[in-house]
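Fold and geometry: a report
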Amino acid sequence: MHEASIVIARPERPAQLVLLFHGVGSSAANLAPLGEAIAQARPDAMVVSIDAPFPSGLGSGREWFSVLGITEQNRPERIAKVIPLFLDVISQRQRTSGVGPAGTVLVGFSQGAILSLEATQTEMAMSPAERVIALAGRFAVPARRAAPGLRYNLIHGSQDAVVSHTFSVAAAEALKALGGDATLDLLPGLGHGIDARALQLVIGYLGEQTL
């Protein structure tokens, strides 16, 4: 299997595992600066930027699923096909780090956020992580479950023209209706990207203690 993921920080005994998942047409290297900022703020965390497994159909970078010809109707099927692989990547990194789901945080941007969110919607007995920080993401279809103890932090630019911020608004509402723990931060003026405000929010959420 293709493997160009980047281990940004590897403390001797990590207390937390932070996995970063990039967007379509991008790569693990693109989220390395975010990972370095996280590692500096959380020196007890193992931080890994995961490279998606497939070459992107957009002509450069990597992807988990193709967005060519994608529609609201076929998106769920495309995601369902790769969720087992996505979950396996998480499990492999947990075994390597010695940190289980209770200490794992998934930080995804765009397609990486979509996969991170959908990974919590499977019928697994245990969630793959204790927190999902979704930047410019969405669910493939509205949230169906909200596992006890799992925290969702949704961060989205109000001017995102690629993935509308309304998807994060709807996701937060659906998760709360299901009894879930979800926060929503809409960043005025931000398009489809990560700025200094988003970075500080990510670091702040990573520093929160699990109850």
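To keep things clear, this report deals only with the structure shown in the data block. (Residues numbered from 1 in each chain as written. Predicted model: local features only at pLDDT ≥ 70, side-chain atom pairs only at ≥ 80, totals over all residues. Heavy atoms only, no water.)

The next thing to look at is the layout of surface pockets. Estimates place the volume of the largest pocket at around 290 Å³. What lines the largest pocket is a set of 19 residues, among which Val 24, Ser 110, Ile 114, Val 162 and Val 163 lie closest to the centre. (1 Å grid on protein atoms, 1.4 Å probe; cavity = no way out; pocket = protein on both sides within 12 Å on 5 of 7 lines; lining within 4 Å. Points joined across faces, edges and corners; volume = space filled by probe spheres on them.)

With that settled, the discussion passes to the packing of aromatic side chains. The relation between two aromatic rings is expressed through the spacing of the ring centres and the mutual angle of the planes. What the rule picks out here adds up to four aromatic pairs. On the basis of an interplanar angle of 75° and a centroid distance of 5.1 Å, the ring pair of Trp 64 and Phe 86 is categorised as edge-to-face. Note that Trp 64 is positioned in the loop between strand 5 (62-63) and helix 2 (75-97) and Phe 86 in helix 2, a separation of 22 residues in sequence. Using a relative accessible area of 0% as the deciding quantity, one classes Phe 86 as buried. Stacked on the ring of Phe 167, the Lys or Arg Arg 138 has its end atom at 3.9 Å from the ring centre. (Phe/Tyr/Trp six-rings, centres within 6.5 Å; stacked < 30°, edge-to-face > 60°. Helix = DSSP H or I, 4+ residues; strand = E, 2+ residues; numbered from the N terminus. Buried < 20%, exposed > 50% of the residue type's maximum accessible area, 1.4 Å probe, protein only. Lys NZ or Arg CZ within 6 Å of the ring centre and 35° of its normal.)

In this section: the pattern of salt bridges. Inspection of the entire model under this criterion finds eleven salt bridges. One salt bridge in this structure joins Arg 75 and Glu 72, with 2.8 Å as the shortest N-O distance. Residue Arg 75 is classed as buried on the basis of its relative accessible area of 13%. Note that Arg 144 and Glu 118 form a salt bridge whose closest N and O atoms lie 2.8 Å from each other. You can see Arg 144 sitting in the loop between strand 7 (131-135) and strand 8 (151-157) and its partner Glu 118 sitting in helix 3 (residues 111-118), a full 26 residues away along the chain. Its relative accessible area of 39% is what places Arg 144 among the partly exposed residues. Among the charged side chains, a salt-bridge network with shared partners connects Arg 131, Arg 151, Asp 181 and Glu 208. (Salt bridge = Lys/Arg side-chain N within 4 Å of Asp/Glu carboxyl O.)

All right, on to the sheet that holds strand 6 (residues 104-109) then. The strand order 1-3-2-6-7-8-9 describes an open sheet built from seven strands, whose pairing is mixed. What marks the edges here is a single partner per strand, and that holds for strand 1 (6-9) and strand 9 (181-187). Direction aside, neighbouring strands of the sheet carry axes that sit 15° apart on average. Contacting strand 2 (16-21), strand 6, strand 7 and strand 8, helix 3 runs over the sheet at an angle of about 140° to strand 6. Together, strand 8 and strand 9 form the strand contacts of helix 4 (residues 165-177), whose direction differs from that of strand 9 by roughly 160°. (Pairing = 2+ DSSP bridges. Axes fitted to C-alpha atoms, helices over the stretch in contact; angles between N-to-C directions. Contact = heavy atoms within 4.5 Å.)

Looking now at the side chain of Ser 168. Of note, Ser 168 is situated in helix 4. A distance of 2.7 Å separates a polar atom in the side chain of Ser 168 from a polar atom in the side chain of His 156. (Polar contact = N/O pair within 3.5 Å; in protein donor to acceptor, adjacent residues only side chain to side chain.)

To continue, consider the packing of helix 2 against helix 3. Relative to each other, helix 2 and helix 3 sit at 80°, their axes nearing to 10 Å. Judged on the interaxial angle alone, helix 3 and helix 2 are roughly perpendicular. Two secondary-structure elements touch here, helix 2 through Ile 79, Val 82, Ile 83 and Phe 86 and helix 3 through Ile 114, Leu 115, Ser 116 and Glu 118. When grouped by side-chain class, the residues that make up the contact of helix 2 with helix 3 number six nonpolar, one polar and one charged. (Parallel < 35°, antiparallel > 145°, perpendicular 65-115°, else oblique. Nonpolar A, V, L, I, M, F, W, Y, C, P; charged D, E, K, R; others polar.)

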